[in-house]
Amino acid sequence: QAQLTESGGGFVHDGGSLRLACAAYGDIVNVETMDWYRQAHGGERESVAGLISGGHTDYARSVKQRFAISREHGSRMIYLNMNNLKLDDTATYYCYARILTDDLKTNDYWGPGTEVTVFA
């Protein structure tokens, strides 16, 4: 089995910055993909940023030019640098990963989430 854990959430003034981190650990053979999602209170979970094949990145329109996802090659950690935060960025941020574990099964995993609150 594998687990994900996020860190780096907190309270920040609008216009400020935060850096989220997500670590994958457990009986891991390969982490195929790692992405960031978020869910605002009362809203649906939405994709925020993802790493796609070839090292390319994909972002939700609302966070383009402000957020940056990164992962070192072969690393089991990803980061989300969030700049110029806005009130609408307030949400619980979740790390998602598709992981091959040593029982040779590939499954989807979610972290417990980290809260980001942007205040005026």
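Located above this text is the structure these notes cover.
Here's a quick rundown of the structure. (Residues numbered from 1 in each chain as written. Predicted model: local features only at pLDDT ≥ 70, side-chain atom pairs only at ≥ 80, totals over all residues. Heavy atoms only, no water.)

Let's talk about the nonpolar core
Rules: Nonpolar core, defined: a set of buried Ala, Val, Leu, Ile, Met, Phe, Trp, Tyr and Cys residues in which side-chain atoms within 4.5 Å join the residues together. Under the scheme applied here, a residue whose accessible area is under 20% of the maximum for its type counts as buried, over 50% as exposed, and between as partly exposed, the area being computed with a 1.4 Å probe on protein chains only. Starting at the N terminus, helices and strands are each numbered in turn, a helix being any DSSP run of H or I of at least four residues and a strand any DSSP run of E of at least two.
Counting 31 residues, the largest nonpolar core has Leu4, Met34, Trp36, Leu80, Met82, Tyr93 and Ile99 as its most contacted members. If you list the elements that add at least two residues to this core, you get strand E1 (2-7), strand E3 (18-26), strand E4 (28-39), strand E5 (46-52), strand E7 (67-70), strand E8 (77-82), strand E9 (91-101) and strand E11 (114-119). Per element, the largest residue contribution to this core is 5 residues, and it comes from E9.

Observations regarding the pairing of E9
Looking along a regular strand, one sees side chains alternate from face to face of the sheet. The condition that has to hold: Here the rule is simple: two strands pair whenever DSSP picks up at least two bridges between them.
The element E9 is largely enclosed, with a buried count of 10 among its 11 residues. Bridging between E4 and E9 involves 10 bridges; their strand directions are antiparallel. Within E9, the position partnered with Asn30 by the bridge is Leu100. Pairing geometry for E9 and E11, over 3 bridges, is antiparallel. Bridge pairing links Tyr93 to Thr114 in E11. The sheet contact formed by E9 and strand E10 (residues 106-110) spans 5 bridges and is antiparallel. In the strand pairing of E10, Tyr96 is matched with Trp110. Between E9 and the antiparallel strand that follows it, E10, lie 4 residues; Leu104 among them carries a positive phi value of about 65 degrees.

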